[in-house]
Amino acid sequence: MWQTEEIEDESNLFVRVHKNFVRSKDNKPSASAFTNTPKSGNNLSSDWNKHSTPESSRDLIGKQKKPKDGTYKDPSVFFIWAFNSGKLRNEAIPKQKLEHDPVYNQPEDDFIPNNRAHSIIIGDKPENNAEFRVSLLKIGDWAIAPVPKK
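Residues numbered from 1 in each chain as written. Predicted model: local features only at pLDDT ≥ 70, side-chain atom pairs only at ≥ 80, totals over all residues. Heavy atoms only, no water.

Considerations on a negative patch on the surface
The following threshold applies: Within the patch definition used here, like charges are joined within 9 Å and nonpolar side chains (Val, Leu, Ile, Met, Phe, Trp, Tyr) within 5 Å, considering only residues with over 30% relative accessible area and no salt bridge. The Shrake-Rupley method, run with a 1.4 Å probe, gives the accessible areas here. Residue values count only the displayed protein chains as cover. Put simply, a salt bridge is a Lys or Arg side-chain nitrogen that is within 4 Å of an Asp or Glu carboxyl oxygen. In this tally Asp and Glu are treated as negative and Lys and Arg as positive; neither His nor the chain ends contributes. All charge positions are set by atom: Lys at NZ, Arg at CZ, Asp at CG, Glu at CD. Helix and strand assignments follow DSSP, with helices taken as H or I runs no shorter than four residues and strands as E runs no shorter than two, numbered in order from the N terminus. For the exposure calls, accessible area comes from a 1.4 Å probe over protein chains only, and a residue counts as buried if that area is under 20% of its type's maximum, exposed if over 50%, partly exposed in between.
The grouping of Glu6, Glu8, Glu10, Glu99 and Asp101 at the surface amounts to a negative patch. Secondary-structure assignment places Asp101 in the loop between strand S4 (97-100) and strand S5 (118-122). Given the relative accessible area of 32%, Asp101 is considered partly exposed.

Below is the structure:
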């Protein structure tokens, strides 16, 4: 079991972005990529760079089963967007709160794998709000980017 820690403003949080949430016109994530998970909740899962890398965050997807059919998810259809923690707290519109929320189950859960880096981004994330999307694109960037479509 891992203790929770304070996420420093200099840190980065990695958010997984499915290929269906990448806009073809600019190769950037759509605002829908950053909705709360589950949508009825108030937080978005992420991985803290203190205990993770973009690659390990992406690889972890392959240890997670899909609820619908029990098959494992394919990491190759996900990309990683990195947010600066301090900017999420202070520059996102609306501002977000951050919590380190490590996941540890014994035995490990096939649908929610153990993850020391797991953190949550808490706050309202309006889907169809241009100001919100622009603020998120300004404070983040691809850590693992999709190849632009030609």
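Regarding the pattern of salt bridges
Counted by the stated rule, this structure contains 6 salt bridges. A salt bridge links Arg89 to Asp9; the shortest N-O distance between them is 2.6 Å. You can see Arg89 sitting in helix H2 (residues 85-90) and its partner Asp9 sitting in the segment before strand S1 (12-18), a full 80 residues away along the chain. Using a relative accessible area of 36% as the deciding quantity, one classes Asp9 as partly exposed. Taking the shortest distance from any N to any O, the salt bridge between Asp110 and Lys65 comes out at 3.3 Å. Residue Asp110 is located in the loop between S4 and S5, and its partner Lys65 is located in the loop between helix H1 (54-60) and strand S3 (78-84); the two are separated by 45 residues in the primary sequence. Residue Asp110 is classed as partly exposed on the basis of its relative accessible area, which comes to 34%.

Details of the sheet that holds S3
Spelled out, the test is: Strand pairing is assigned whenever DSSP identifies at least 2 bridges connecting the two strands. Simply put, an axis is a line fit to the C-alpha atoms, just over the touching stretch for a helix, and the angle between two N-to-C directions goes from 0 to 180 degrees.
The 6 strands lie next to each other as S4-S5-S2-S1-S3-S6, forming an open sheet whose pairing is antiparallel. Of all the strands in the sheet, just S4 and strand S6 (140-144) have a single pairing partner and so form its edges. Shown here is a sheet whose adjacent strand axes are inclined to one another by a mean of 40 degrees, direction ignored. Inspection of the sheet shows S3 paired to S6 by 4 bridges, in the antiparallel sense. Within S6, the residue paired with Ala82 across the bridge is Asp141.

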